[in-house]
Amino acid sequence: MFLHIQSSPLSMKKKSVLFLCTGNSARSQMAEALLRSKAAEQFDVFSAGTEPEPVDVRALEAIERFGVDTSHLVSKHVQTFDGQQFDYVITLCDKANTECRSFPGAGKQLAWDFPDPKTRKGNHPFSSTLTELNNRLSMFLLVENKVSAPAALEVTAEEERLAEEALTDVDPIAFYKCLTDDIRLKTLMLTHYHGELCVCELMQALDEESQPKVSRNLALLRKANILSDRKHGQWVFYRINSALPLWIKSVIAQTTENNITFILPDLDRLNSMKNRPDKVSFCR
């Protein structure tokens, strides 16, 4: 049974965050519990699903082993929050991002993509996903609140043993060559944080006046299968290829999360950008 309630008005003093996933049974519940634990005094935190399911008991067990309270976690449909305003809406899987690409009432929207622990390989898939979410939320707090740098992030032995995903034709030499250019490296870090960006947004973030220069580097990343793209109207949006092997996703994630100060000026420039491209509204 799912809980359908009318939420109380959001605190005027706190910022509000809504985590979205398909089932609201694991990843979004983990993110809600973690951010409440980390920064309840700064954020009102909620989660919901486009096709909600009961909260997975394995997710609850992983959260509790992490030392975080789970008593408040219930599955909710995204329609529970119709008409409500949020400072941040963060999708945690590609399906939710596609269905809710531009959430009505979102002050800022981020698209993060985490493997579904219910289908993820390895001995401790829920704990691995929880650790990765915890690392990403530490980065989020650093960027959005300008807090002191987080402690070094651990890579567990289990994460290193995780099987790679569908795409196997990525040349490791070509991948590491892509990281040697300042524009390409920052592009990967920025898209890892935001989830999806177009050329004009990257030009603003990188303080780069030459569109052909940025486009050439995006084409190289696309040719190497590191970025994928989608066209909407006159805009082409780029994101980390969801089919990349897990080791490449891990390199991009660890590079970003452990060196976030490297792109803080770029994130600030992007946040100040006016008239950013409309990514089209879904989630009706």
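These notes cover the structure that comes with them. Here, residues in each chain are numbered from 1, in the same order as that chain's written sequence. pLDDT decides what is reported in this predicted model: residues at 70 or higher carry local features, side-chain atom pairs at 80 or more are listed and counted, and totals for whole chains, interfaces and linings draw on all residues regardless. Only heavy atoms go into the side-chain values, all of them from the structure, while hydrogens and water stay out.

Below, the discussion takes up the packing of aromatic side chains. Put simply, two rings from Phe, Tyr or Trp (the six-membered ring, in Trp's case) pair if the centres are within 6.5 Å, and we call them stacked under 30 degrees between planes, edge-to-face over 60, tilted for the rest. Inspection of the entire model under this criterion finds 11 aromatic pairs. Pairing Phe81 with Phe86 gives two aromatic rings, centres 5.7 Å apart and planes at 75 degrees, and the pair type is edge-to-face. An aromatic cluster is defined as three or more aromatic residues linked by ring pairs; in this entry it consists of Phe43, Tyr88, Trp112 and Phe140. Lying across the ring of Trp112, Arg136 places its NZ or CZ 5.1 Å from the centre. Counting as a charge over the ring demands two things of the Lys NZ or Arg CZ atom: a distance within 6 Å of the ring centre and an angle within 35 degrees of the ring normal.

Here the focus is the pattern of salt bridges. By salt bridge we mean one thing: a side-chain nitrogen of Lys or Arg within 4 Å of a carboxyl oxygen of Asp or Glu. All chains considered together, the criterion is met by 17 salt bridges. Of the charged contacts in the structure, one is a salt bridge between Asp56 and Arg58, with a shortest N-O distance of 2.8 Å. Only protein chains enter the accessibility calculation, which uses a 1.4 Å probe; a residue whose area is less than 20% of its type maximum is buried, one above 50% is exposed, and one in between is partly exposed. Owing to a relative accessible area of 38%, Arg58 belongs among the partly exposed residues under this scheme. Residue Glu257 is joined to Arg136 by a salt bridge in which the shortest nitrogen-to-oxygen separation is 3.3 Å. Here Glu257 is found in helix 10 (residues 246–258), whereas its partner Arg136 is found in helix 4 (residues 125–145), with 121 residues between them in sequence. Look at Glu257 and you get buried, because its relative accessible area is 7%. One network of salt bridges, in which partners are shared, links Glu51, Lys95 and Glu99. A run of DSSP states H or I qualifies as a helix once it reaches four residues; a run of E qualifies as a strand once it reaches two. Both are numbered from the N-terminal end.

Phe19, Leu35, Phe43, Leu92, Phe140 and Ile226 are the most contacted members of the largest nonpolar core, which totals 66 residues. A total of 9 residues in this core trace back to one element, the largest contributor, which is helix 4. If we ignore the near neighbours within four places in the chain, the residues touching Leu92 are Phe19, Leu20, Cys21, Arg27, Ser28, Ala31, Trp112, Asp113, Phe114 and Leu133. What makes a nonpolar core is a set of buried Ala, Val, Leu, Ile, Met, Phe, Trp, Tyr and Cys residues whose side-chain atoms join them at distances within 4.5 Å. Contacts are assigned to residue pairs that have any heavy atoms within 4.5 Å of one another.

As a further point, take the sheet that holds strand 4 (residues 106–111). Adjacent strands of a sheet form backbone hydrogen bonds with each other and so pair up, either parallel or antiparallel. The strand order 2-1-3-4 describes an open sheet built from 4 strands, whose pairing is parallel. Across the chains shown, the open sheet's two edge strands, defined by having one partner strand only, are strand 2 (43–49) and strand 4. The mean inter-strand angle of the sheet, taken between neighbouring strand axes irrespective of direction, is 20 degrees. Pairs of strands are assigned from DSSP output, requiring at least two bridges between the strands. Axes, fitted as lines to C-alpha atoms, cover a helix only where it is in contact. Angles between the N-to-C directions of the axes lie from 0 to 180 degrees.

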